[in-house]
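# Residue-level structural notes
What follows is the residue order along each chain.
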Amino acid sequence: KNQVEQSPQSLIILEGKNCTLQCNYTVSPFSNLRWYKQDTGRGPVSLTIMTFSENTKSNGRYTATLDADTKQSSLHITASQLSDSASYICVVTIAYNTDKLIFGTGTRLQVFP
Amino acid sequence: NAGVMQNPRHLVRRRGQEARLRCSPMKGHSHVYWYRQLPEEGLKFMVYLQKENIIDESGMPKERFSAEFPKEGPSILRIQQVVRGDSAAYFCASSADGDRNTGELFFGEGSRLTVL
């Protein structure tokens, strides 16, 4: 069964600290993996998208890694800011299937001052 | 260049009424996707449309739900005879031609339906 699981479900950190969010997937065949940030009450916004051949991709203070062998990805946030408080969603695309994006349920991150 | 525009942002309906949600994709995008998000849950695919065509509606309930993307105008997600379980946030996303699997998917801000 095609699934995307994220951990932890929620996370609280202090401003300025780093954190790492995890994503494990069983989607096959694999096309790409995306990380989205979703602020409360808003639509998801893309952070990174990685294909099979990419191991890491950065977007400012966000760095995503991908291990296609173990089917794991992580999103590392450096020097967190209050505005990083949001849900972070891992999404995996099934190859050759244009509409099948499998969404994880997200990690809810809260950054406190 | 406006992003994906959805309206209304909030919609309240009584059981049995109809709900119509609209989505205007980004300029130049001809692929539209609708997703539903229940509280504390992930987004669930409903339907994928191109202009005047439904490509895949496998995620959409067989009854009461329909979607269209006419040649002119926005995409419409229509829910007839709404029930309380239809209360959710409905997100629309669009992508450009040729970028369906590997390209950016841009989301609107969502339409939040509340059924009383």
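Report follows, based on the coordinates. (Residues numbered from 1 in each chain as written. Chains lettered and ligands numbered in written order. Predicted model: local features only at pLDDT ≥ 70, side-chain atom pairs only at ≥ 80, totals over all residues. Heavy atoms only, no water.)

## Some thoughts on the state of the cysteines
Cysteine pairs can be linked by a disulfide, which is a covalent bond between their two sulfur atoms. Short version of the rule: A pair of cysteine sulfur atoms is labelled a disulfide when the two atoms are within 2.5 Å. Here a strand is any run of E in DSSP of at least two residues, a helix any run of H or I of at least four, and the numbering for each starts at the N terminus. Think of it in three bands: residues with accessible area under 20% of the maximum for their type are buried, residues over 50% are exposed, and the middle band is partly exposed, with areas taken using a 1.4 Å probe on protein chains only.
Per the counting criterion, the structure on display carries two disulfides over all chains. Note that A:Cys23 is cross-linked by a disulfide to A:Cys90, the S-S spacing being 2.0 Å. The sign of the -70° torsion about the S-S bond sets the A:Cys23-A:Cys90 disulfide as left-handed. With a gap of 67 residues between them, A:Cys23 in strand E3 (residues 19–25) and A:Cys90 in strand E9 (residues 86–94) connect regions that are remote in the sequence. We note that A:Cys23, like A:Cys90, is buried. Between B:Cys23 and B:Cys92 runs a disulfide, and the two sulfur atoms are separated by 1.8 Å. Disulfide B:Cys23-B:Cys92: torsion about the S-S bond near -55°, hence left-handed.

## Brief notes about the side chain of A:Lys37
Residue and element names in this part refer to chain A. How we decide: What qualifies as a polar contact is a pair of N or O atoms within 3.5 Å, subject to a donor-acceptor requirement within protein and to the restriction that residues adjacent in sequence count only when both atoms come from side chains. The contact criterion used is simple: two residues touch if any of their non-hydrogen atoms lie within 4.5 Å.
Along the chain, the position of Lys-37 falls in strand E4 (residues 30–38). Looking at Lys-37, its side chain comes within polar contact range of the main-chain oxygen of Ser-83, at 2.8 Å. With residues up to four places along the chain from it excluded, the contact list for Lys-37 reads Gly-43, Pro-44, Val-45, Leu-47, Tyr-62, Ser-83, Asp-84, Ala-86, Ser-87 and Tyr-88.

## A few points about the sheet that holds strand E6 (residues 56–59) of chain A
All names here are of chain A. How we decide: For two strands to be treated as a pair, DSSP must find no fewer than two bridges joining them. To obtain an axis, a line is fitted to C-alpha atoms, over the contacting stretch when the element is a helix, and the angle between two such axes runs from 0 to 180 degrees between their N-to-C directions.
Spatially, the five strands line up as an open sheet ordered E1-E3-E8-E7-E6, and their pairing is antiparallel. Since the sheet does not close on itself, it has two edges, and those belong to strand E1 (4–7) and E6, each with one partner. Each strand axis lies, on average, 15° off the axis of its neighbour in the sheet, ignoring direction. Of the pairings in the sheet, the one linking strand E7 (residues 62–67) to strand E8 (residues 72–77) comprises six bridges and is antiparallel in character. Considered in E8, the bridge of Asp-67 is made with Gln-72.

## Focus: the side chain of A:Gln6
All names here are of chain A. Structurally, the position occupied by Gln-6 is in strand E1. Side-chain polar atoms of Gln-6 contact the backbone nitrogen of Cys-90, separated by 2.9 Å. A polar atom in the side chain of Gln-6 sits 3.0 Å from the backbone nitrogen of Gly-106.

## So, unusual backbone geometry
For the bond from A:Ser28 to A:Pro29, the omega torsion is -10°, close enough to zero to count as cis. Structurally, the position occupied by A:Pro29 is in the loop between E3 and E4. A cis geometry characterises the amide bond from B:Asn7 onward to B:Pro8, with omega recorded as 0°. Relative to the helices and strands, B:Pro8 resides in the loop between strand E1 (5–7) and strand E2 (10–13). Although it is not a glycine, A:Lys71 adopts a positive phi angle of roughly 60°. Its place among the elements puts A:Lys71 in the loop between E7 and E8.

## Details of the packing of aromatic side chains
Definition in use: What counts as a ring pair is set by centres within 6.5 Å for rings of Phe, Tyr and Trp (its six-membered ring), and what kind of pair is set by the plane angle: stacked under 30 degrees, edge-to-face over 60, tilted for all other angles. Two thresholds decide whether a charge sits over a ring: the Lys NZ or Arg CZ must be within 6 Å of the ring centre and within 35 degrees of the ring normal.
For the coordinates displayed, the defined rule picks out eight aromatic pairs over all chains. Pairing A:Tyr62 with A:Tyr88 gives two aromatic rings, centres 6.1 Å apart and planes at 45°, and the pair type is tilted. Placement of A:Tyr62 in strand E7 and of A:Tyr88 in strand E9 is noted, with a sequence separation of 26 residues between them. With a relative accessible area of 9%, A:Tyr62 lands in the buried category. The class for A:Tyr88 is buried, based on a relative accessible area of 0%. Relative to B:Phe45, the ring of B:Tyr35 lies with its centre 6.1 Å away and its plane at 70°, an arrangement referred to as edge-to-face. One end of the pair, B:Tyr35, is in strand E4 (residues 29–37); the other, B:Phe45, is in strand E5 (residues 43–50), with 10 residues separating them in the sequence. The ring of A:Tyr62 has A:Arg61 lying over it, and the distance from NZ or CZ to the ring centre is 5.7 Å.

## Looking at the environment of B:Pro70
Residue and element names in this part refer to chain B. The residue Pro-70 is located in the loop between strand E7 (65–68) and strand E8 (75–79) in this model. The class for Pro-70 is partly exposed, based on a relative accessible area of 27%. Sequence separation between Pro-70 and Val-47 is 23 residues; the distance between their C-alpha atoms is 15 Å. Look past the residues within four positions of Pro-70 in its chain and what remains in contact with it is Lys-51 and Glu-52.

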